[in-house]
Amino acid sequence: MDRLVTFGCSFTYGTALEEQTDAWPYVAGKTLSKEVINKGVPGASNLRILCEVLKFDFKDNDVVVIMWSMPLRDLQFRNNGYQQIGVWSEGPHLDKMLIDGATEDYTKKTWVYMQHADLYLQTKNVKYIHYPATLDIMKYQLDFVNINNLFLTRTEKIDDATDKQHPGPKSHKKQADEIVRILINEEIHYG
């Protein structure tokens, strides 16, 4: 069976949903009749998402959706693993994120991570799209970065998951429908 491989943060993972199968990757996979491999990681920074993409063993004909996270997150490499850093963190890493200009810096780094993933995926025989979690990244787009298959149609949250913070099942269904629409109707460029 062909595979839908997804990367992202808590929204992709399906944090706080009563049923994991209500997460948008599984809803989209069911509609597309594809096996789902959900590589979403709660709290993932865009650097972490890039690392997950680079480590993944893609197969010919995989369909890949990368839902890039909020830019103001970071990753520290530690003892053959990772430590996620975000506004929930404490210590000097958080201080670095809260200084003036940090949003611009992390957003511009996101563009570089997206381009790296784009160039890498062009070497694979896969269909892929980039799907940022926020349109705010457009404020700091780098003019020397060119990304194929970038779609900026993020849907709005219409209900809550059990934690009252993350999107609920109706929001995931709405997002899955939009991802499916893109994969079926839009022209996707390959390497």
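Placed above this text is the structure.
Residues numbered from 1 in each chain as written. Predicted model: local features only at pLDDT ≥ 70, side-chain atom pairs only at ≥ 80, totals over all residues. Heavy atoms only, no water.

> What is the right way to look at the pattern of salt bridges in this model?
Where charged atoms from two side chains of opposite charge approach closely, those side chains can pair. Applying the stated criterion across every chain yields a total of 10 salt bridges. By sharing partners, the salt bridges in this structure join Arg48, Glu52 and Lys55 into a single network. (Salt bridge = Lys/Arg side-chain N within 4 Å of Asp/Glu carboxyl O.)

> Would you explain empty space enclosed by the protein in this entry?
Any space left empty among the atoms is revealed by the rolling of a water-sized probe across them. Taken as a whole, this structure holds one cavity of 30 Å³ or more when the rule is applied. Considering only enclosed or pocket space, the largest cavity measures out at about 50 Å³ in volume. Lining the largest cavity are Ser45, Asn46, Leu47, Pro71, Arg73, Asp74, Leu75, Tyr106, Lys109, Thr110 and Tyr113. Elements represented by at least two residues in the lining of the largest cavity include exactly helix H3 (46-55), strand E4 (74-78) and helix H5 (102-121). Of the residues forming the lining of the largest cavity, the biggest block, four residues, is contributed by H5. Here the residues of the lining of the largest cavity are counted per class, giving five nonpolar, three polar and three charged. (1 Å grid on protein atoms, 1.4 Å probe; cavity = no way out; pocket = protein on both sides within 12 Å on 5 of 7 lines; lining within 4 Å. Points joined across faces, edges and corners; volume = space filled by probe spheres on them. Helix = DSSP H or I, 4+ residues; strand = E, 2+ residues; numbered from the N terminus. Nonpolar A, V, L, I, M, F, W, Y, C, P; charged D, E, K, R; others polar.)

> How should the packing of aromatic side chains be read in this particular structure?
By convention here, two paired aromatic rings are described through the distance between centres and the angle between planes. For the coordinates displayed, the defined rule picks out four aromatic pairs. Geometrically, the ring pair formed by Phe56 and Phe58 is edge-to-face, given 4.9 Å between the ring centres and 65 degrees between the ring planes. Of the residues examined, Phe56 reaches a relative accessible area of 13% and is grouped as buried. (Phe/Tyr/Trp six-rings, centres within 6.5 Å; stacked < 30°, edge-to-face > 60°. Buried < 20%, exposed > 50% of the residue type's maximum accessible area, 1.4 Å probe, protein only.)

> How should the environment of Glu187 be read in this particular structure?
Counting through the fold element by element, Glu187 comes out in the segment after helix H6 (169-185). Take Glu187: its relative accessible area is 60%, and that puts it in the exposed class. As for Glu187 and Asn149, which are separated by 38 residues in sequence, their C-alpha atoms are 8.2 Å apart. The contact partners of Glu187, leaving out residues within four places of it in the chain, are Asn149 and Phe151. (Contact = heavy atoms within 4.5 Å.)

Distances and angles like these do not, on their own, reveal function.
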